[in-house]
Amino acid sequence: MKIETYPPTPSPEVEGEKNRNMKNKATAGLGWSTLISMLVSLFMVFEWVPTEEDQGIVQRIFYFHVPCAWVAFAAFGIVAIAGVFYLWLKDQIWDDLGYAAAEIGMVFCTLVLITGSIWAKPIWGTWWTWDSRLTTTFILWLLYGGYLMLRAMADDTPEVARFGAVIGIVAALDVPVVILSVRLWRTIHPAVLVTRAGEHGLEDPRMVITLLVSLAAFTVLFGWLLMLRFQQLRTRSRLFTIRREVALIEAAAQDY
Amino acid sequence: MAAFAAILRKDLRLEIRSGQSTIALFALSLLIMVVLVFALNPQPVDRARDAAAALWVALVFAGMLGATRAMIAENENGCMRALTLSPIDPAALYAAKLAAAFAFMAIVEVAAVVLITLFFNLDFGGDLARLTPSLMLGTLGFAALATLLAAISSRTRAGDLLLPILAIPLFIPAIIAGVKASEAALSGFPLAAASQWLGILVAFDVLFVTLGALLFEHVIRED
Amino acid sequence: MARLVVETRALTKTFGVTPVLREVGIQIHDGRCALLIGGNGSGKSTLLRILAGLSQPTSGDAIVFGENSRNLNVAGRRRIGMLTHQSWLYPNLTARENLAFYAELYGLADQNDLATKWIESVRLGASANDRVREFSRGMEQRLSIARAMMTEPDLLLLDEPFAALDPDAVAIVGDLIRTAVARGCAALLTAHSQLDLGIEMDRYQIASGRVMPLRDETRAPHRSRMGA
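Remarks on the overall build of chain A
Then, number 1: Counting secondary structure elements, chain A contains 6 helices and 0 strands.
Then, number 2: The secondary structure elements of chain A, listed N-terminal to C-terminal, are α-α-α-α-α-α.
Then, number 3: Across the 256 residues of chain A, 36% fall into the buried class.
Then, number 4: Across chain A, every contact between residues at least 6 apart in sequence was considered, and the portion connecting residues at least 24 apart equals 81%.

A word on the interface of chain C and chain B
Then, number 1: On the chain B side, the residues contacting the 23 residues of chain C number 22 residues.
Then, number 2: Looking at the side of chain C that touches chain B, the elements with two or more residues in it are α2 (74-78), β7 (80-83) and α3 (95-105) of chain C.
Then, number 3: The class makeup of the residues in the side of chain C that touches chain B is 13 nonpolar, 7 polar and 3 charged.

Some thoughts on the pairing of strand β12 (residues 210-214) of chain C
Residues and elements named next belong to chain C.
Then, number 1: Sheet topology note: the strand β11 (residues 201-207)/β12 ladder contains 5 bridges and is antiparallel. Among the inter-strand pairings, R203 is bridged to a residue of β12, identified as L214.
Then, number 2: Between the antiparallel neighbours β11 and β12 lie 2 residues, among them S208 with a positive phi of about 50°.

What to know about the environment of L189 of chain C
Residue and element names in this part refer to chain C.
Then, number 1: Within the secondary structure, L189 sits in strand β9 (residues 186-191).
Then, number 2: By the C-beta count within 10 Å, which is 23 here, L189 ends up buried.
Then, number 3: For the pair L189 and L36, spaced 153 residues apart in sequence, the C-alpha separation works out to 6.1 Å.
Then, number 4: With residues up to four places along the chain from it excluded, the contact list for L189 reads C33, L35, L36, L158 and P161.

Focus: the pairing of strand β2 (residues 18-24) of chain C
All names here are of chain C.
Then, number 1: The element β2 is largely enclosed, with a buried count of 5 among its 7 residues.
Then, number 2: Note: strand β1 (residues 4-15) against β2, 4 bridges, orientation antiparallel. Across the sheet, the residue bridging to K13 is L21, located in β2.
Then, number 3: Linking β1 back to β2 in an antiparallel pair, the connection comprises 2 residues, with G16 at a positive phi of about 65°.

Some details on the confidence of the model for chain A
Any residue range with low pLDDT should be treated as having predicted coordinates unsuitable for detailed reading.
Residue and element names in this part refer to chain A.
Then, number 1: Per-residue pLDDT for chain A averages 87, and the proportion of residues at 70 or more is 88%.
Then, number 2: The secondary structure element of chain A with the lowest average pLDDT is helix α1 (residues 17-48), at 87, and the one with the highest is helix α2 (residues 62-89), at 96.
Then, number 3: This model gives residues 7-12 a pLDDT under 50, and the stretch forms 11 contacts once residues within four places in sequence are excluded.

Cut-offs and rules
Residues numbered from 1 in each chain as written. Chains lettered and ligands numbered in written order. Predicted model: local features only at pLDDT ≥ 70, side-chain atom pairs only at ≥ 80, totals over all residues. Helix = DSSP H or I, 4+ residues; strand = E, 2+ residues; numbered from the N terminus. Buried ≥ 20, exposed ≤ 12 C-beta atoms within 10 Å, placed from the backbone. Contact = placed C-beta atoms within 7 Å. Nonpolar A, V, L, I, M, F, W, Y, C, P; charged D, E, K, R; others polar. Pairing = 2+ DSSP bridges. pLDDT = per-residue confidence, 0-100.

Right, dumping it as structure tokens:
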């Protein structure tokens, strides 16, 4: 009868030259892609795309606001998926990915709220409004905050990665319910709004193209930042494994 | 199944023995509502809305404290480890803890409902009966959420601060739906009028009870 | 032919980067009693927790009832009785209520009778209806041992069972352990120093995270007979 056993302590990865090079190349590649796509996007947003009639120049913030929102939500999905893999495979690499995604996602989520606020002021005369999208994003921001607070406060417990994974999963599955409830809440009492150039308001095809380019640029930016942070966390985890290995060897040396 | 009943009965018995925590919880709900009465200064025209708000604020905050206390009691002599070692399915353990939390919250809430009827000059009768579904669904959802989260926060430093930080954002959809449904009930509308809100509450409950049952074993496991 | 109940293979545990158990390899067969001797903080309790599946090894494996301790299933857990430094008793319940609860939790019948029987076997009959919060340390220890043994486990993990016990209690507990081992239970006891239960024991010493077998007669500077 075969008894299931686990592999012995992995020896600290002595990174082959080849592996390191590949990772650095990938990161560099993402960095350059970000620079180029951002430059293109900035040009399009500020020079190329026509000004929207109703809202004027301020409307251009939309081309940053929407991609940030897309990234914020996508990052949250990554946190959850990484959490599932961590609970399933128990490999630290998934926790590093999830934590990195949460940190970066929080940044972009904050940007959504800030850009939304900057947009709201000239259009509606108020810094904040409880329309359904902003409210949902704000709740997402709170969920991110909870995850990061957990990581900060539980950093001395060995189960922190496990707790993070559970919270990430729970929060991500809560988001659809949040969207549903907030939307219903707002249809009953709609905030006084002008329709934003969001869903159907993009008359000029150039606007659509600009939006798509901007989405791509921000996605690449997110990928690059995520890669950087993820590598940092990986290094930290590997360092921990090495230190543990050293401690075991030192203890063994004392045996003699 | 026997194990589930054993744990539930044990928790209820323990709670009756150290009766002060349920009473304290009730006192706390009372005081929260007193604060809200003075803060909201309710006018008759708004009473349904204000009463619903007060009820749900009290539910959330009292529930949070209740959940923390339940977990602390289990950690006291290492009993949680005994339960983890015992031949009970983690999902069944979760269900038992959830049932106990729900029972405590429900008791406190019955008292709270009596209070809001007095404070906000509502009518005893049909309105309160219509209030029951949203209240019970909300309590179940919160109990499900808090049981799972308290298992995490009780093992974290400053856990009693962490629990609300985690729980409240997650509970928001239920707050939105629950307050709306409660308000409708207290305004005299039939239940069907609040069906969408109740639907959201049901969805929330199904989601969190399922998640709790699936994830509880990961949360109680020690590394 | 004695069956292997517990086997550890290169079991290693670190707390953070601090090693606590290093490449521990022990075997416990059914009907045998093993004794693990070590000082405070030597890792005895950690090892027991890992065997019960309450803690996870950093590397290596603990095989209990043929299963890896990381995935101990319900059937396996049912067969383990454990005593730790914490009593696992509810202070606001009486002794009888505590044991009856655990009996019900483990699916045993006639919970009250069983509880009474075991309470009396550790000579706590007079306090059966008193709340555990009123118990002395020694009484709590005895009750906790009763709790561990009540389910007639096939593996007993007892962390310092004789600590805080007076000589009479020591004799009683020694008796209970001997009885359990005689009916085929595998037992692992920990202690600060050598002890003698009047039966043959596999003796180990734990120090600096390593577990070494001890020869019975050679080193026994502090030996106390446990009422054979």
